[in-house]
Amino acid sequence: DDYLMVLGIEQKLPFGSPFDLYAFGDGNPATTQMKMNVGPMPWFTSPKLVVHFFRPLTCATMQLDHALFGRHVVLYHLHSVIWYLAFVAAVALLYRRMLSPGMALLALFIFALDEAHWFPAAWWSNRNALVSATCALWGFLAYLRWREDRWFPGAPLSLVGFALGLLGGETALGVVAFLAAYELFGPNPLPLTPFRDGRNRFAVLLPLGLLGLVYIVYYKWA
């Protein structure tokens, strides 16, 4: 997949585009047959295969790698490791808010070394998971600061974080689920609207809900 991504950026493949690298199948039998002839798809691929992900921000970071480093792929992977460190840093801040110092340190150590995390950190094509989750998690942290600390820049910054996360990939939706769980089951934060209880929680989630709705409608349409 990494080789295909590089060829896609260099526009040496008869399909896809540099900012739409995750277009593996469009449901058109003629396109699928062409991909089987060229090589990316095996002969037994369904002619009507539809696998197309919306990840323009991730594609932009991969474009940046190619523009800066050419085909020196070790530097591509170093870039992914930097994304992973930013992800772990966000987790560290989240644990610090939730746990005692000793428990936070232990939890962070286990999280950072979890063997399940090596794949997106080492596999260039899977950077989408890091870009989307990292941006969304920093957005979640901004949201918590807004809700619990009355840090009002956190409101717009949380929307920016989640928007960038969704542009990075659909993994950001998993972080949105944490935010919804926080509002549904978490402690009652300081009220930020004239409403109380459930209505207050619904009101503060409305902008993010609208963002998610726009994302899902566009994803399905495009």
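Located above this text is the structure these notes cover.
Predicted model only: the values in this text are computed from it and were never measured.

Undergrad: I tried to follow the pattern of salt bridges on my own but got confused; where do I start?
TA: Close approach of charged atoms lets side chains of opposite charge pair. Scanning the model with the defined rule gives seven salt bridges in all. Two residues, Lys12 and Glu10, come together in a salt bridge whose shortest N-O distance is 3.3 Å. Salt bridges here are not isolated pairs; linked through shared partners, they connect Glu10, Lys12 and Arg71.

Undergrad: Could you clarify how one ought to interpret empty space enclosed by the protein in this entry?
TA: A water-sized probe, rolled over the atoms, reveals where empty space remains. Overall, the coordinates contain one cavity of 30 Å³ or more when judged by the stated rule. Along the walls of the largest cavity sit Phe24, Gly25, Asp26, Thr31, Thr32, Lys35, Met41 and Leu49, which together make up its complete lining. Only strand S1 (23–26) and helix H2 (29–38) provide two or more residues apiece to the lining of the largest cavity. Broken down by class, the residue content of the lining of the largest cavity amounts to three nonpolar, three polar and two charged.

Undergrad: Sorry, what's going on with the side chain of Arg55 here?
TA: Tracing the backbone through its elements, the reader meets Arg55 in the loop between strand S2 (50–52) and helix H3 (56–69). Every residue in contact with Arg55, bar those within four places of it in the chain, is listed here: Tyr22, Asn128, Leu167, Gly168, Gly169 and Glu170.

Undergrad: Looking at this structure, I do not really get the nonpolar core. What am I missing?
TA: The tendency in soluble globular proteins is for nonpolar side chains to be buried side by side. Ranked by internal contacts, the top residues of the largest apolar core, which has 32 residues, are Phe87, Val91, Leu137, Phe140 and Phe162. Of all the secondary structure elements, the ones that give two or more residues to this core are helix H4 (73–98), helix H5 (101–112), helix H7 (127–149), helix H8 (154–168), helix H9 (172–185) and helix H10 (197–221). Here this core gets 11 residues from one element, more than from any other, and that element is H7. In contact with Val91, other than residues within four places in its own chain, are Leu108, Phe111 and Leu137. Ranked by size, the runner-up nonpolar core spans nine residues in total, among them Met5, Tyr22, Tyr76 and Trp124.

Undergrad: Help me understand a nonpolar patch on the surface, please; the structure alone is not making it clear to me.
TA: A surface patch of nonpolar side chains, about 730 Å² in accessible area, is lined by Met98, Leu99, Met103, Leu106, Phe109, Ile110 and Leu113. Broken down by element, the nonpolar patch gets its largest block of residues, four residues, from H5. Structurally, Leu99 is set in the loop between H4 and H5.

Rules and cut-offs
- Residues numbered from 1 in each chain as written.
- Predicted model: local features only at pLDDT ≥ 70, side-chain atom pairs only at ≥ 80, totals over all residues.
- Heavy atoms only, no water.
- Salt bridge = Lys/Arg side-chain N within 4 Å of Asp/Glu carboxyl O.
- 1 Å grid on protein atoms, 1.4 Å probe; cavity = no way out; pocket = protein on both sides within 12 Å on 5 of 7 lines; lining within 4 Å.
- Points joined across faces, edges and corners; volume = space filled by probe spheres on them.
- Helix = DSSP H or I, 4+ residues; strand = E, 2+ residues; numbered from the N terminus.
- Nonpolar A, V, L, I, M, F, W, Y, C, P; charged D, E, K, R; others polar.
- Contact = heavy atoms within 4.5 Å.
- Core = buried A, V, L, I, M, F, W, Y, C linked by side-chain atoms within 4.5 Å.
- Buried < 20%, exposed > 50% of the residue type's maximum accessible area, 1.4 Å probe, protein only.
- Patch = residues over 30% accessible without salt bridge, like charges linked within 9 Å, V, L, I, M, F, W, Y side chains within 5 Å.
- Areas by Shrake-Rupley, 256 points an atom, 1.4 Å probe, with all protein chains shown as cover.

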